[in-house]
Amino acid sequence: MTFKRNQLRDAINIALCVGAVSMLSMGTAFAQDAASATDVKAKNLDTITVTGSRVRRVETETASPVVVVTRKDIEKTGKLTIGEIINELPSISGSPTTAAINNGGGTGAATADVRGLGSQRTLVLIDGHRPGPTPVDLNSIPLDLVERIEVLTEGSSTVYGSDAIGGVINFIMRKNYNGAQYTASYGESGHHDSARKGQSFIFGQSGDKGNVVAGVEYNKFDAVPAASRPFAAHAYNLSYSSYYHIDPNGGFRQKGTSGAFGADGFLNPGGSSRNPNGRISLSPALKAHYGCGSVAHDPTKTGTALSDFVCFGTNGTGPYDYQPQNLILTPQERTNAFAMATYNLTDNISAYLDFYHQKQTSHSVIAPLPFDTNNDGVVISKDNLYNPFGEDFGVADPANNVYQFRTRFNSIGERIANNSTTNDTVFAGLKGNFGQTWSWDAGFDYNHLFFITNPTGYPNYSKLKQALGPSMLIGGTPTCVAVAGNAATAITGCTPLNIFNLNDPSSIAILQSVAGNPTNTSSFIERTVEFNASGDLFDLPAGAVKLAVGADSRREYQNNRVDSIAVTNGAGGTCDVAQEVCSTPLVGAFSVKEAYAELFVPILKDVPGAYRLNLDLGTRYSKYNIFAGNDSSKLAIEWRPIKDLLVRASAADIFRAPTAADLFAGSAGGAPPFGGDPCVGLSAAGVAAHPNACGPYPGPPGIPSTTVSGQTTGVTEGSVLAGFKLSPEKGRSYDFGLVYDPEYVPGLSTSVDFYRITLNNLISAISPDTVIADCFNSETSPFCSLIHRGPSGGITFFTLPSVNLGSLVTDGFDASARYKLPVFAWGQFTVSTDLTHINKYDVNVDPANSTLEIQHNAGHLFNTANFAKWRGNLALDWSKGNWNAGYRLHWVGKAQFGDLDPGQNTSVDACNFQTNPFGICPGPVVEKIPNYFESFVTLGYNFGQIGTMDARVDVGVDNVFDKQPPFIWSNAETNGNTDVTTYDTIGRLFWARFTAKF
């Protein structure tokens with residue numbers, strides 16, 4: 001099924017125009033219809049709207065593949081949040097956000113990633129409404145209020161607009177609820193940690209005049225330290241100095257120091273070169289003195305003389321193991337309050353108001369701050385009282401050499417991000433019916449998301465610079481001075497810091513006195529006004545032709561407020577605190593107006609070879625105030641050659657407009673992965689051949705390498721701040737499927753759906769590897785301005801804005817089967833299975849750069865995103881009388897980290913072969929990630945009526961066999977040596993839940 005875009009669009013537009021004219025011509029007939037209000041309501045109750053279409057129909061199996069998670073399915077899991085449930089679906093891959101993300105996240109939020117296309121390309125709805133900017137925090141949706149979850153696994157931009165690329169997750173809420181329900185839940189791991197507590201209360205009442213549902217939900221998750229699990233207790237890096245072999249029985253043993261790589265990989269336990277004893281890069285003269293290139297403070301000495309320092313790596317001064325101080329589950333606490341009400345104004349018109357409020361707090365914890373004079377823009381003066389080396393650190397000498405000092409500020413404790421999120425959502429409007437089949441809805445949607453973060457564990461660098469600057473004794477007291485040796489320039493309130501010995505009590509006190517803990521806030525506001533209508537146009541021999549039309553106007557606003565000490569004011573995104581918490585205040589907004597139409601045409605019915613044959617056409621036009629308009633269309637076919645078999649196929653345009661964050665995000669520092677600088681090792685002539693990529697030749701010994709452990713310094717920011725203009729992503733979604741529900745096997749349902757998605761003009765923050773490769777191969781590249789080099793020629797930082805660059809194509813299939821067996825004397829059994837296979841996931845990072853290979857991600861772990869080819873769930877449920885039980889198996893297929901093809905740039909040793917053409921990297925290294933199976937069991941008993949309540953108890957065990965996640969070393973994963981978004985980090989967990997209904 002291949003269509004040229006203009007032919008598909010034009011054909012659908014013509015058909016819809018004909019349908020609209022037909023509707024207008026029938027207006028008199030609608031007005032003259034004498035059907036009673038009761039008949040109208042009865043007719044409308046027979047039809048529903050299924051996710052993937054705006055047309056109301058009787059059928060629940062349509063041209064769109066939809067996975068339904070029912071209320072009973074939710075209750076069987078024992079989970080406390082929506083995110084935990086959604087991210088176990090087989091169609092979820094890539095890198096969804098979870099509560100296990102601590103390093104680089106830790107806000108307590110959870111997002112979905114359908115088809116692995118990114119959370120920003122999965123649209124989340126509540127009863128068909130957008131609950132806020134994409135991506136939506138799934139945990140903000142109250143679990144006990146959800147009636148069912150409909151997961152559309154195809155692109156649906158024509159129906160829902162921007163972001164519906166990988167799929168749509170629509171939460172259908174419990175509106176017609178009668179009575180009251182109280183639920184209490186508790187869980188704890190087999191390690192006697194990871195306590196999780198939950199309570200909820202929901203009340204509902206329905207009557208002739210309408211209905212109301214209200215309640216509150218609370219849950220809390222305790223922190224789990226990485227040190228409490230063997231796989232996460234230590235940091236392991238693949239490096240070129242010392243190699244260790246993975247012992248199949250667990251743990252690690254030394255393999256040797258020859259530098260050879262084996263197929264099973266070699267690891268260096270230890271972690272970071274930024275340790276509390278320092279790592280000091282020396283001048284040639286001092287290198288000769290010590291007999292090594294870098295030294296560290298001997299912790300048994302004062303650190304005031306050259307003899308107090310030893311070669312780095314001796315006397316216990318090697319790499320710092322940061323992992324034990326990290327977390328593998330972020331502590332979080334949230335409260336959800338909600339109320340939904342509908343009031344029947346007349347027999348045909350109702351007013352509705354839905355309100356959702358969430359308050360969430362979390363506290364991510366990572367190791368104390370690493371400090372680097374060069375990257376942090378801080379100079380240790382040679383005239384500082386405590387500097388025994390007589391050299392400036394962080395300043396270039398006449399030969400363009402920069403002597404570097406690295407350490408870690410253990411004295412001021414771990415870096416803790418104290419995060420708080422408040423989210424308020426309102427859906428309000430009128431809805432009603434007219435004629436015999438028409439329904440309409442006119443409403444206003446409002447969402448306000450407020451995020452505040454207060455990080456601790458950071459010094460104020462403006463004060464630190466003074467404490468590390470020139471100093472002298474004045475009246476016997478160590479004093480900071482602005483000019484070396486000049487007592488008249490003494491700095492009031494400043495005490496010199498001995499940074500060479502951070503264990504000294506006076507050093508600890510000074511560091512704590514210069515603490516700088518900024519408070520940054522972000523506000524997101526989304527307002528939408530919309531109108532929708534759906535009904536029958538006229539009858540054909542095969543049935544009624546149905547039309548859905550609608551329009552909306554939406555505005556998104558973002559406001560980033562930054563504490564004064566965290567405002568970016570220097571090169572490399574630096575500010576008065578550590579770069580990783582620096583940002584830029586920025587305010588921005590955009591608006592969009594849209595209109596859509598969808599036409600359902602029944603072509604054949606009850607004829608040989610066509611029990612049913614239906615056609616579904618749709619089109620949408622979106623007009624943004626920040627770029628040209630966008631139109632998208634879809635064509636879907638439903639064919640039942642026989643009653644039991646449905647054949648479905650669709651082709652649809654998809655698009656994603658830039659979000660407020662893509663456009664208006666402020667500058668923020670970080671340490672992104674970086675394979676290496678291609679200018680390192682070049683001669684003067686070689687550098688001159690690439691002036692924009694490499695800059696001027698600094699003189700012998702040439703441009704130094706600045707890559708440390710495969711990372712560099714990057715400053716991410718929105719496109720507006722960087723001066724890049726963004727346009728929407730556009731592509732096409734294709735689906736073909738079969739649904740077979742044989743009448744001769746009652747209770748059996750099977751389906752298989754094949755998908756293919758192509759997407760161009762991808763919006764993402766550009767990577768350092770792409771910037772350097774693109775500029776190195778094309779001196780006219782607009783990305784050359786994003787490379788920033790220091791006096792010595794080394795890269796000091798990259799500017800990494802959101803840009804349009806790259807394309808992707810992915811295809812695969814979903815398969816499912818469910819069989820509800822006949823009732824036996826020993827009860828009712830139901831067995832079900834769901835599978836997803838990713839056949840291809842190819843990304844062309846830069847189509848204009850022919851030197852870059854297409855990334856083949858299917859079956860790989862790539863940049864912390866897991867694209868295992870196979871994922872699946874198997875469930876067996878049993879019920880008899882008041883008892884029920886269940887077993888569920890969750891499977892993630894094997895994957896591979898790294899690729900033996902150097903052009904893929906995914907070696908586990910963090911080497912980038914595209915940008916290292918001179919043999920710097922020894923050769924690709926691959927790590928195999930095995931199949932992962934996780935089992936769940938549940939048991940429940942309904943006590944029935946006890947006094948005025950109906951009581952029930954459920955118990956269960958998650959990860960029954962205490963399956964440990966695959967070990968993935970720190971070059972790829974900085975969250976616990978594994979993929980925390982895919983695999984369970986807690987282990988066996990026991991839980992119990994009590995439910996009382998009144």
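Before any of the text, the structure's been laid out above.
Residues numbered from 1 in each chain as written. Predicted model: local features only at pLDDT ≥ 70, side-chain atom pairs only at ≥ 80, totals over all residues. Heavy atoms only, no water.

**What about empty space enclosed by the protein?**
Working step 1: Counted under the stated rule, the structure contains 8 cavities of 30 Å³ or more.
Working step 2: In this structure, the largest cavity occupies an estimated 660 Å³ of space.
Working step 3: Contributing elements (two or more residues each) for the lining of the largest cavity: α5 (82-86), β44 (883-892) and β47 (932-946).
Working step 4: Residue classes in the lining of the largest cavity are distributed as 13 nonpolar, 16 polar and 8 charged.
Working step 5: By volume, the second largest cavity is sized at about 150 Å³.
Working step 6: At the level of elements, β2 (122-126), β25 (520-540), β26 (543-561) and β27 (586-607) are the ones that each hand at least two residues to the lining of the second largest cavity.
Working step 7: The class makeup of the residues in the lining of the second largest cavity is 5 nonpolar, 4 polar and 8 charged. (1 Å grid on protein atoms, 1.4 Å probe; cavity = no way out; pocket = protein on both sides within 12 Å on 5 of 7 lines; lining within 4 Å. Points joined across faces, edges and corners; volume = space filled by probe spheres on them. Helix = DSSP H or I, 4+ residues; strand = E, 2+ residues; numbered from the N terminus. Nonpolar A, V, L, I, M, F, W, Y, C, P; charged D, E, K, R; others polar.)

**Quick notes on the state of the cysteines**
Working step 1: Evaluation of the coordinates by the stated rule reveals 5 disulfides.
Working step 2: Here cysteine 575 pairs with cysteine 582 through a disulfide, and the sulfurs are 1.9 Å apart. Where cysteine 575 bonds to cysteine 582 through sulfur, the torsion about that S-S bond is close to -80°, and the disulfide is left-handed. Across the pair, exposure class does not vary: cysteine 575 and cysteine 582 are buried alike.
Working step 3: Paired through a disulfide, cysteine 679 and cysteine 694 show a sulfur-sulfur distance of 1.9 Å. (Disulfide = S-S within 2.5 Å. Buried < 20%, exposed > 50% of the residue type's maximum accessible area, 1.4 Å probe, protein only.)

**Topic: the packing of aromatic side chains**
Working step 1: Taken as a whole, this structure holds 23 aromatic pairs when the rule is applied.
Working step 2: Ring geometry for phenylalanine 405 against phenylalanine 500: centres 5.3 Å apart, planes inclined by 70°, an arrangement best described as edge-to-face. Taken together, the residues phenylalanine 405 in strand β20 (residues 405-408) and phenylalanine 500 in the loop between β24 (477-480) and α10 (505-513) connect sequence positions 95 residues apart. Like phenylalanine 405, the residue phenylalanine 500 is buried in the burial classification.
Working step 3: Taken together, a centroid distance of 5.2 Å and an interplanar angle of 0° make the contact between phenylalanine 824 and tryptophan 826 stacked.
Working step 4: Here a set of aromatic residues connected by ring pairs shows up, and it is made of Phe309, Phe389, Phe393, Phe405 and Phe500.
Working step 5: In this structure, arginine 115 packs its charged tip against the face of tyrosine 755, placed 3.7 Å from the ring centre.
Working step 6: One residue, arginine 279, lies across the ring of phenylalanine 312, its end atom 4.3 Å from the ring centre. (Phe/Tyr/Trp six-rings, centres within 6.5 Å; stacked < 30°, edge-to-face > 60°. Lys NZ or Arg CZ within 6 Å of the ring centre and 35° of its normal.)

**Points about α10**
Working step 1: Considered for burial, the residues of α10 that qualify are Ser507, Ile510 and Leu511. Projection of α10 onto a plane perpendicular to its axis shows the buried side chains occupying an angular sector of 100°, all on one side. In α10, the exposed residues that point more than 90 degrees away from the buried face are Pro505 and Ser513.
Working step 2: Buried residues along α10 sit against α9 (461-468). (Arc of directions from axis to C-beta. Contact = heavy atoms within 4.5 Å.)

Scope: geometric values only; no functional claims are made or implied.
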